[in-house]
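Structural characterization, general
One letter stands for each residue in the lines below.
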Amino acid sequence: MSIPTSELLEAISEVSSIQEMKVTVKVTATCAIIAACSTLVGGLIAGPFGIAAGGLIGTAAAFSYGHGKFKSVPQVLAQDATPEQREKLAKAIRSILNARNILVVAQFVEAMRTDEKLLQDVKLVIRDFLKKAMGYHFNS
């Protein structure tokens, strides 16, 4: 008997260190380009002062553009993952749990609190899944 997908993903979403994992929604490069271009233009127009002014303006513009476009892993799993993707992730996590003979949610929750290796393995599976299956990049 294995843990149902919805219960497994809900338990994962409750783990504080997983809640703190953030992914970018493919805007980091765009923000960097905004800041760099404004710095370049400022430097070309006004020299050293323009570099500083362009950098400040570009940084503010990049912040404005990127604000709110970083999501926590539980948000991504709940809002962006398809049912098939959630099932694929749950299957990968279940294989870790089955190897440790963890068969119910209560065991899983307790093990996540006490077993650092299990926590790291689950985080690695989540990180790998989000990168490969969903195309996200990690902020931390």
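Residues numbered from 1 in each chain as written. Predicted model: local features only at pLDDT ≥ 70, side-chain atom pairs only at ≥ 80, totals over all residues. Heavy atoms only, no water.

**Considering the nonpolar core**
Ranked by internal contacts, the top residues of the largest apolar core, which has 32 residues, are Ile18, Ile93, Phe108, Ile126 and Leu130. Apart from residues lying up to four places away in sequence, Ile126 is in contact with Ile12, Ile18, Met21, Val73, Leu89 and Ile93. (Core = buried A, V, L, I, M, F, W, Y, C linked by side-chain atoms within 4.5 Å. Buried < 20%, exposed > 50% of the residue type's maximum accessible area, 1.4 Å probe, protein only. Contact = heavy atoms within 4.5 Å.)

**Looking at helix α4 (residues 73-80)**
Taken residue by residue, α4 has Val73, Pro74, Val76 and Leu77 as its buried positions. For α4, the angular spread of buried residues about the axis comes to 165°, placing them on one side. In α4, the exposed positions angled more than 90 degrees off the buried face are occupied by Ala78 and Gln79. (Helix = DSSP H or I, 4+ residues; strand = E, 2+ residues; numbered from the N terminus. Arc of directions from axis to C-beta.)

**A few points about the packing of helix α6 (residues 105-114) against helix α7 (residues 116-132)**
Interhelical geometry of α6 versus α7 gives an angle of 105° and a closest axis separation of 6 Å. Taken together, the axes of α6 and α7 are roughly perpendicular relative to one another. From α6, Phe108, Ala111, Met112 and Thr114 reach across to α7, where they touch Glu116, Leu118, Leu119 and Val122. Residue composition of the contact of α6 with α7, by class: six nonpolar, one polar and one charged. (Axes fitted to C-alpha atoms, helices over the stretch in contact; angles between N-to-C directions. Parallel < 35°, antiparallel > 145°, perpendicular 65-115°, else oblique. Nonpolar A, V, L, I, M, F, W, Y, C, P; charged D, E, K, R; others polar.)

**Quick look at the pattern of salt bridges**
The full count for this structure, using the stated rule, is seven salt bridges. Across the salt bridge formed by Glu87 and Arg94, the nearest N and O atoms sit 3.3 Å from each other. Residue Arg94 is classed as buried on the basis of its relative accessible area, which comes to 11%. Here Lys117 ties to Asp121 by a salt bridge, and the two come within 2.9 Å at their closest N and O atoms. (Salt bridge = Lys/Arg side-chain N within 4 Å of Asp/Glu carboxyl O.)

**Section: the sheet that holds strand β3 (residues 137-138)**
Pairing is antiparallel in the open sheet, where three strands are placed in the order β2-β1-β3. Of all strands in the sheet, those with a lone pairing partner are β2 (70-72) and β3, marking the two edges. Pairing of strand β1 (residues 22-24) with β3 involves two bridges; the strand directions are antiparallel. By the bridge assignment, Val23 is partnered in β3 with Phe138. Where α4 meets the sheet, its contacts fall on β1, β2 and β3, and the angle it forms with β2 comes to roughly 90°. (Pairing = 2+ DSSP bridges.)

**Quick look at the packing of helix α1 (residues 5-13) against helix α5 (residues 83-99)**
Packing of α1 against α5 brings their axes to within 10 Å, and their N-to-C directions diverge by 80°. Between α1 and α5, the angle falls in the class roughly perpendicular. Residue-level contacts link Thr5, Leu8, Leu9 and Ile12 of α1 to Arg86, Glu87, Leu89, Ala90, Ile93, Arg94 and Leu97 of α5. For the contact of α1 with α5, the class distribution of residues is seven nonpolar, one polar and three charged.

**What to know about the environment of Gly68**
For Gly68, the location among the structural elements is in the loop between α3 (28-66) and β2. Taking the C-alpha atoms as reference points, Gly68 and Val27, separated by 41 residues in sequence, lie 11 Å from one another.

Taken by themselves, the reported measurements are silent on function.
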